[in-house]
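# Examination of the molecular architecture
Given next are the chains, with one letter for each unit.
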Amino acid sequence: MKTECCVIRDLLPLYAEDLVSAETADVIRLHLHECPDCDKEYLYMQDMEKRRAELVQKTDDNDIKPFKKMMKKANRTLSAMCFALTVMLLFLGVVKSDGANAMLMYNAVIMPVCGVCGYVAFRMKAVIVLPLLLLLTDGLAYAFDVLPETVNMILWLSGIYCIFILAGILIAALFHYALRKE
Ligand SMILES: [Zn+2]
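Notes on the structure in this doc start here. (Residues numbered from 1 in each chain as written. Predicted model: local features only at pLDDT ≥ 70, side-chain atom pairs only at ≥ 80, totals over all residues.)

Of all hydrophobic cores here, the largest spans 20 residues; its most connected members are Leu90, Met111, Cys114, Leu130, Leu134, Tyr161 and Ile165. When contributions to this core are tallied by element, the ones reaching two or more residues are helix 3 (36-95), helix 4 (101-122), helix 5 (126-143) and helix 6 (151-181). In terms of residues, this core owes the most to one element, helix 4, which gives seven residues. Apart from residues lying up to four places away in sequence, cysteine 114 is in contact with Thr86, Leu89, Leu90, Gly93, Leu130, Ile165 and Gly168. If you look at the next biggest cluster of nonpolar residues, it comprises six residues, including Leu12, Tyr15, Cys38 and Tyr42. (Core = buried A, V, L, I, M, F, W, Y, C linked by C-beta atoms within 7 Å. Buried ≥ 20, exposed ≤ 12 C-beta atoms within 10 Å, placed from the backbone. Helix = DSSP H or I, 4+ residues; strand = E, 2+ residues; numbered from the N terminus. Contact = placed C-beta atoms within 7 Å.)

If you want it as structure tokens, here you go:
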């Protein structure tokens, strides 16, 4: 092999990645134009690099895709389950609101749990979604006459429930933040 060819081939990897100066690139380009052997070597190198990149991409896709898909599906299932649980707990809590202090204590547990479930299902949007759901549940319970309470009492209790719910959301959000940091 000619000395010039040796030098050019040493530089080919850098040339392929555009890491040589404009002058050097010109020299290499001219040489490749005039020397079929080096040109062939360059084409071969490019081909290998392309195949390697494709293989890496394929392997990455194969490794990550099913896992990502599975996680997405699991996440969706978890969200749906938590959403259903939130609605159930809200309904249970509202229906159990017969004003007795014991029931208020009952809801001091139900509503924060509701907030945690709501956070899993809606993340921070739960802060808006859950009070709205609570109001909707109130409305439905009132419309179907499930509640023995007056509207004033229902709204007053719902205000307290909202505070419990927000506390639950806050706790869940703090836990989530702490876990993600680790
Ligand atoms: Zn050459």
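A few words now on the environment of leucine 32. On the secondary structure map, leucine 32 appears in helix 2 (residues 22-34). Leucine 32 sits ten residues away from tyrosine 42 along the chain, and the two C-alpha atoms are 8.1 Å apart. Contacts of leucine 32, omitting those with residues within four sequence positions, involve Cys38, Asp39 and Tyr42.

The next subject is the packing of helix 1 (residues 3-16) against helix 2. As a packed pair, helix 1 and helix 2 sit with axes 10 Å apart at the nearest point and diverge in direction by 120°. Classified by the angle their axes make, helix 1 and helix 2 are oblique. For helix 1 against helix 2, the interelement crossing comes out left-handed. Counting all contacts with helix 1, which are made through Glu4, Ile8, Leu11 and Tyr15, the residues of helix 2 involved are Thr24, Ala25, Ile28 and His31. Partitioning the contact of helix 1 with helix 2 into residue classes produces five nonpolar, two polar and one charged. (Axes fitted to C-alpha atoms, helices over the stretch in contact; angles between N-to-C directions. Parallel < 35°, antiparallel > 145°, perpendicular 65-115°, else oblique. Left-handed = near helix turned anticlockwise from the far one by under 90°. Nonpolar A, V, L, I, M, F, W, Y, C, P; charged D, E, K, R; others polar.)

On to unusual backbone geometry, then. Positioned with a positive phi, aspartate 18 is a non-glycine residue whose angle comes to about 65°. Locating aspartate 18 in the fold gives a position in the loop between helix 1 and helix 2. Phi at arginine 123 takes a positive value of approximately 55°, unusual for a residue other than glycine. Mapped onto the fold, arginine 123 is located in the loop between helix 4 and helix 5.

Our focus in this paragraph is the environment of isoleucine 165. Among the secondary structure elements, isoleucine 165 is positioned in helix 6. Considered as a pair, isoleucine 165 and isoleucine 110 are 55 residues apart in the sequence and their alpha carbons are 8.7 Å apart. For isoleucine 165, the residues in contact, after removing those within four places along its chain, are Met111, Cys114, Gly115, Leu130 and Leu134.

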